[in-house]
Amino acid sequence: MSRRLLTEIAGLKLANPTMLAAGVLGLTGSSLMRVVEAGAGAVVTKSLGLKPREGYPNPTVIQVNCGLLNAIGLPNPGIRHFGEDIKEVKEKKVPVVVSIYGFSSEDFARAAKSAVEVGADALELNVSCPHVEETGAEIGSDPELVTQVVREVKNTVDKPVFVKLTPNVANIVEVAKAAVETGADAITAINTVRAMAIEIETTRPLLANKIGGLSGSAIKPVAVRCVYEIYRHVDVPVIGCGGITDWRDAVEFMLAGASAVQIGTAIAFKGLEVFKSVTKGIDTYVKKKRLGNAKEIVGLAQNF
Ligand SMILES: Cc1cc2nc3c(=O)[nH]c(=O)nc-3n(C[C@H](O)[C@H](O)[C@H](O)COP(=O)(O)O)c2cc1C
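What comes next is a walk through the structure. Only a predicted model underlies this, so the values are computations on that prediction, with no experimental measurement involved.

**Focus: the packing of helix α6 (residues 172–181) against helix α7 (residues 220–231)**
- Relative to each other, α6 and α7 sit at 50 degrees, their axes nearing to 9 Å. Taken as axis vectors, α6 and α7 run oblique relative to one another. Here the hand of the crossing between α6 and α7 comes out right-handed. Where α6 approaches α7, its residues Ile172, Val173 and Ala176 are matched on the opposing element by Arg225, Cys226, Glu229 and Ile230.
- Grouping the amino acids of the contact of α6 with α7 by side-chain chemistry returns 5 nonpolar, no polar and 2 charged.

Here's what the structure looks like:
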């Protein structure tokens, strides 16, 4: 482990700035464990709610050019059933961020309380899912609703709160500022981009839900722009996410202003080795630049 990579996000100590993105391999203790063993600096669980939820019928995930399109519908076992899974991972001393969703600010607060009771080191509020009605992006598109959710959660729990934003808004900075002014400890940017695909022979939309969220390389420039804009306007760490597939992508996000990076879709294409190769690449880059720690590259692109 290189000291150059030690990272701190809202008081959480990470051995390196890579994290597992929510919803990809984060549904059981054993899958989280595989990611920890692959070298991630922190893991984020699948988004969990108060009650178990089934999600949508298939097809829920399809491959498109440069990425994945998904509308899974937030299937999950409910937070209370997740305690054992988290306990196992925590023994490895890697921070576990529990992603939560709810259909109202009270729901979010109750989910946050349960998540902390089962061992969350931090919470990530999913106010950005693009394909489930009355939660996710419907909340995250409205700064006033985001304010209510963050306030309620912060009044209920005493752990760091990350707010994960949707790019599907006219002004992401406005939403980030609303979250931070109400006490968000970090901003995660971004969730998937609302998208769809149609099969031309059958003339049918490919996803059962018709509309879903695009992830992977296709969205990287959108995500880099969001991180760059948010970093200029908030004084909490920004966690970059969206299309990171190699160390160059991770460095690009950090130069834009990301203190850490989350990786999701690349795992499907490259396997879990992506964590080690990204980490090693960042380390070599920082060393070549003759710097002492990766945090020194955060936001450097803002100087131009
Ligand atoms: C199959 C799949 C499931 C996802 N589930 C969630 C989820 O439960 N909660 C959430 O906040 N984001 C979820 N996401 C979004 C990712 O966490 C991430 O924000 C997005 O995919 C962009 O990063 P990537 O290009 O590295 O995948 C999901 C993405 C995929 C591909």
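There's more to say after this.
**Some words on the environment of Phe103**
- By the element assignment, Phe103 lies in the loop between β7 (96–100) and α3 (105–117).
- You can call Phe103 partly exposed: its relative accessible area is 38%.
- Note: C-alpha distance between Phe103 and Val149 (46 residues apart in sequence) is 9.9 Å.
- With sequence-adjacent residues up to four places away left out, Phe103 is seen in contact with Arg53, Val132, Glu133, Glu134 and Thr135.

**A look at the packing of helix α8 (residues 247–256) against helix α10 (residues 273–288)**
- Where α8 meets α10, the closest approach of the two axes is 8 Å, and the angle between their N-to-C directions is 60 degrees. One way to sum up the angle between α8 and α10 is to call them oblique. When you trace α8 past α10, the crossing you get is right-handed. Facing α8, whose interface residues are Trp247, Ala250, Val251, Met254 and Leu255, α10 presents Ser277, Val278, Gly281, Ile282 and Tyr285.

**A look at the site of the ligand**
- Close to the ligand lie 23 residues; Ala22, Ser47, Lys164, Gly243 and Thr265 are nearest.
- A distance of 2.7 Å separates an oxygen atom of the ligand from a polar backbone atom of Ala22.
- Take Thr265: an N or O atom from its side chain is 2.6 Å from an oxygen atom of the ligand.
- Considered class by class, the residues forming the shell around the ligand number 9 nonpolar, 12 polar and 2 charged.

**A short note on the pairing of strand β9 (residues 161–165)**
- Burial analysis of β9 places 5 of its 5 residues in the buried class, the great majority of the element.
- Of the two faces of β9, the one carrying Val161, Val163 and Leu165 and the one carrying Phe162 and Lys164 are both buried.
- Note: strand β8 (residues 122–126) against β9, 4 bridges, orientation parallel. Residue pairing across strands places Glu124 opposite Phe162, the latter belonging to β9.
- Pairing of β9 with strand β10 (residues 186–189) involves 4 bridges; the strand directions are parallel. Opposite Phe162, over in β10, you have Ala186 as the bridge partner.
- The β-α-β motif built from β9, the intervening α6 and the parallel element β10 has right-handed crossover chirality.

**Thoughts on the sheet that holds β8**
- Strands sit in the order β3-β16-β15-β10-β9-β8-β7-β4 across an open sheet of 8 strands; the sheet is parallel. Because the sheet does not close on itself, it has two edges, and the strands there are β3 (18–20) and β4 (43–44).
- As defined by bridge partners, strand β15 (residues 238–241) adjoins strand β16 (residues 258–263) across 4 bridges and the pair is classed as parallel. Note on β16: the bridge partner recorded for Val238 is Ala258.
- This element, helix α5 (residues 143–156), spans β8 and β9 of the sheet and lies at about 160 degrees to β8.

Rules and cut-offs
- Residues numbered from 1 in each chain as written.
- Predicted model: local features only at pLDDT ≥ 70, side-chain atom pairs only at ≥ 80, totals over all residues.
- Heavy atoms only, no water.
- Axes fitted to C-alpha atoms, helices over the stretch in contact; angles between N-to-C directions.
- Helix = DSSP H or I, 4+ residues; strand = E, 2+ residues; numbered from the N terminus.
- Parallel < 35°, antiparallel > 145°, perpendicular 65-115°, else oblique.
- Left-handed = near helix turned anticlockwise from the far one by under 90°.
- Contact = heavy atoms within 4.5 Å.
- Nonpolar A, V, L, I, M, F, W, Y, C, P; charged D, E, K, R; others polar.
- Buried < 20%, exposed > 50% of the residue type's maximum accessible area, 1.4 Å probe, protein only.
- Near = heavy atom within 4 Å.
- Polar contact = N/O pair within 3.5 Å; in protein donor to acceptor, adjacent residues only side chain to side chain.
- Pairing = 2+ DSSP bridges.
- Right-handed = clockwise from strand over helix to strand, strands pointing away.

By themselves these figures say nothing about function.
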